[in-house]
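# Report on the structure
Listed below, chain by chain, are the residues.
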Amino acid sequence: AGILAAGNRAMIKPSEFTERVSALFEEVVPKYFAEEEMAVFTGDAEVGMAFSKLAFDHMIFTGATGVGRHIMRAAADNLVPVTLELGGKSPNVILDDLDDEGFTKAVAAGVGKCFLNSGQTCTALTRMLVPRARLAQAEQIAAAAASKFTVGDPFDPASRLGPLVSAV
């Protein structure tokens, strides 16, 4: 929205791992936007790499750190400014000043935050740091909390996670 509000054209290359969403973008975007306003390009990683080598005025990428490195290198050849919003290693730190109830709530909440939006958030927790003396307790709590999450239809109240793009 910010791109369009500033009067710029948006050229979008969705992830090759989300084929149905990409197809939906290809179908819907031309119905509401002129090609000079917004265009969608689909394809595999080779298309993405070719896309990143274009001499844009500015490129924005949201995704994996490894891919972000490739995009930065490709953009550097054309001196294209790049904004990267990359996944990283977001720790969940739980200190030792909690009583058992507070510790249980903190660990269980951490597991919930890890699975938020099927783990597809920029600050998705990737690890939990707990006092060594409470590691076994944290593992039991985390396992119990994680076992309550089921994969399925995000609109089904019995499911706690939407469909996953990949096993990775």
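Structure: above.
Residues numbered from 1 in each chain as written. Predicted model: local features only at pLDDT ≥ 70, side-chain atom pairs only at ≥ 80, totals over all residues. Heavy atoms only, no water.

### A few points about the environment of Glu16
Tracing the backbone shows Glu16 in the loop between strand S1 (10-12) and helix H2 (19-32). Between the C-alpha atom of Glu16 and that of Gly43, which follows or precedes it by 27 residues, the distance is 5.9 Å. A distance of 2.9 Å separates a polar atom in the side chain of Glu16 from a polar atom in the side chain of Lys13. (Helix = DSSP H or I, 4+ residues; strand = E, 2+ residues; numbered from the N terminus. Polar contact = N/O pair within 3.5 Å; in protein donor to acceptor, adjacent residues only side chain to side chain.)

### Topic: unusual backbone geometry
Positioned with a positive phi, Leu79 is a non-glycine residue whose angle comes to about 50°. Along the chain, Leu79 turns up in the loop between helix H4 (65-76) and strand S4 (82-86). The class for Leu79 is exposed, based on a relative accessible area of 75%. (Buried < 20%, exposed > 50% of the residue type's maximum accessible area, 1.4 Å probe, protein only.)

### Concerning the pattern of salt bridges
By the definition in use, this model includes 5 salt bridges. Here Glu16 ties to Lys13 by a salt bridge, and the two come within 2.9 Å at their closest N and O atoms. A salt bridge links Arg134 to Asp96, with the shortest nitrogen-to-oxygen separation between them at 3.5 Å. Taken together, the residues Arg134 in the loop between strand S6 (125-129) and helix H6 (135-146) and Asp96 in the loop between strand S5 (90-93) and helix H5 (100-115) connect sequence positions 38 residues apart. Judged by its relative accessible area of 10%, Arg134 is buried. Using a relative accessible area of 52% as the deciding quantity, one classes Asp96 as exposed. Put simply, Asp96, Asp100 and Arg134 are held in one network by salt bridges that share partners. (Salt bridge = Lys/Arg side-chain N within 4 Å of Asp/Glu carboxyl O.)

None of this, on its own, says anything about what the molecule does.
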